[in-house]
Amino acid sequence: PAGKPLVISTWDTGLAANLGAWKVLSKGGRALDAVEAGVMVTEASQNCCVGLGGNPDREGIVTLDACIMDEQFNCGSVAALERIKHPISVARRIMERTPHVMLVGEGAQQFAVAQGFPLEPQKLSPDAEKAYREWLKTSLYQPVVNIENSGRRPPGPVGGANNHDTIAMLARDAKGNLSGSCTTSGMGFKMRGRLGDSPLIGSGLFVDNAVGAAAATGQGEDVIRMAGAHTVVELMRQGLSPTAACKAAIERVAKIKGDKARDIQVCFIAVSSQGQHGAYALQKGFSYAVCTAENQQQLIQSDYWL
Ligand code: SD4
């Protein structure tokens, strides 16, 4: 069914990204174009951890993951991509111009360059450089719950107010079609070669136009082990509202993790085919941004389990 356009995205930085998406949606544009344009705002921002400004892996190299999915189960994904500013656009090119869904590492970079994406210098942003130097002192891998909204980069109080590792975005256009995108520098100081949920269709993002769309942020390993975004969409298929579906999926994470659930954050956002939206998180502190014609800018504090 047709309807009013809507875009939602993760964390406080979703507000700026939603405006990028809204430029497309408000003109009657396609949800797919909106979710690409929206997260490009975040990828290009120097003030956060998505894109090339992000924290590096343990070797000091920034590696980027992204995926995109449209209303017809078309999807594209790129992982462990280095020195390319807009991984989301590379993911879309993979979707539209190759017979594959996913390209990784060197081959992904080779494809991006062949497609005309400029190869950026191999250089950390000043904030990431500082955070990496600080991290090297202990070399501990300790993801910090809600670091995305804390104004900090692990492990110390450096960086701007809009730091986060990931943005996931879901949009519904005026025709009633859904699409989603997700882009990240991944968990800071991850092992070289580590992939999280964000580039994985079904974990970080899933779209079934007849049912709804969902996306994840937080501890990627724990989203992967319960096929997060796909689980949320399947719960909506069973009749749950977006919020109830996100909550049921979080309950599953909590059950799997047991006592260890306190050490991690996992958050889901969802949009139904009818245009309802919702979210749920394991812990307090997750916010998501909503943009509609009536309400251009809204930041909602998600309900949570613990
Ligand atoms: C990952 N899910 O790489 C991402 C991290 C994240 O906000 O969402 N950070 O595991």
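Within any chain, residue numbers begin from 1 and follow the written order of that chain's sequence. Side-chain atom pairs in this predicted model are given and counted only at pLDDT of 80 or more, local residue features only at pLDDT of at least 70, and totals for whole chains, interfaces and linings cover all residues.

## Digging into helix 5 (residues 126–138)
Inference 1: Buried within helix 5 are the following residues: Asp127, Ala128, Ala131, Tyr132 and Trp135. Around the axis of helix 5, the buried residues are gathered within 130° of arc, so they sit on the same side. Exposed side of helix 5, more than 90 degrees from the buried face: Pro126, Leu136 and Lys137 are the residues found there.
Inference 2: Where helices and strands are cited, they refer to DSSP runs of H or I of at least four residues and of E of at least two residues respectively, numbered from the N terminus. Positive phi shows up at Ser139, right after helix 5, with a value of about 55°. Once C-beta atoms are placed from the backbone, each residue is buried if 20 or more other C-beta atoms lie within 10 Å of its own, exposed if 12 or fewer, and partly exposed for counts between those two. Think of the arc as the fan of directions from the helix axis to the C-beta atoms.

## What about the site of the ligand?
Inference 1: By convention here, the C-beta atom is placed from the backbone, and a residue is near a molecule or strand when that atom is within 6 Å of it. With respect to spatial proximity, 13 residues lie near the ligand, and among them Asp165, Thr166, Gly196, Thr217 and Gly220 are the closest.
Inference 2: Residues are sorted three ways: Asp, Glu, Lys and Arg are charged, Ala, Val, Leu, Ile, Met, Phe, Trp, Tyr, Cys and Pro are nonpolar, and all the rest, Gly among them, are polar. Of the residues in the shell around the ligand, the class split is one nonpolar, nine polar and three charged.

## Digging into helix 9 (residues 242–257)
Inference 1: Expected span of a helix, by definition, is 1.5 Å for each gap between consecutive residues, and there is one gap fewer than residues. Taking 1.5 Å per residue as the helical rise, helix 9 with its 16 residues ought to reach 22 Å, and the 23 Å between its terminal C-alpha atoms agrees with that figure.
Inference 2: Residues of helix 9 that are buried include every one of Pro242, Ala245, Cys246, Lys247, Ala249, Ile250 and Val253, and no others.
Inference 3: Where helix 9 is buried, its residues meet strand 8 (212–218), helix 7 (220–224), helix 8 (228–237), strand 9 (266–272) and strand 10 (277–281).
Inference 4: Just downstream of helix 9, Gly258 is the residue with a positive phi angle, here 60°. Contact between two residues is assigned whenever their backbone-derived C-beta positions fall within 7 Å.

## So, the UniProt feature "binding site: substrate" (unreviewed entry) in the protein chain
Inference 1: UniProt positions are given in the numbering used here, feature names are shortened, and annotations may be inferred rather than shown by experiment. In this numbering, the UniProt entry assigns the feature "binding site: substrate" (unreviewed entry) to Arg194, Leu195, Gly196, Asp197, Thr217, Gly218, Gln219 and Gly220.
Inference 2: Residue Gly196 is classed as buried on the basis of its C-beta count, with 26 C-beta atoms lying within 10 Å.
Inference 3: When near neighbours in sequence (up to four residues on either side) are disregarded, Gly196 contacts Asp65, Thr184, Gly186, Met187, Gly220 and Glu221.
Inference 4: For Gly218, the position within the fold is in strand 8.
Inference 5: When near neighbours in sequence (up to four residues on either side) are disregarded, Gly218 contacts Val223, Ile264, Gln265, Val266 and Cys267.

## Looking at the environment of Ile250
Inference 1: Tracing the chain through its elements places Ile250 in helix 9.
Inference 2: The exposure class of Ile250 is buried, given the 28 C-beta atoms found within 10 Å.
Inference 3: In this structure the C-alpha to C-alpha distance between Ile250 and Asp197, which are 53 residues apart in sequence, comes to 15 Å.
Inference 4: When residues no more than four places from it in sequence are discounted, the contact partners of Ile250 are Val266, Phe268, Tyr280, Ala281, Leu282 and Trp305.

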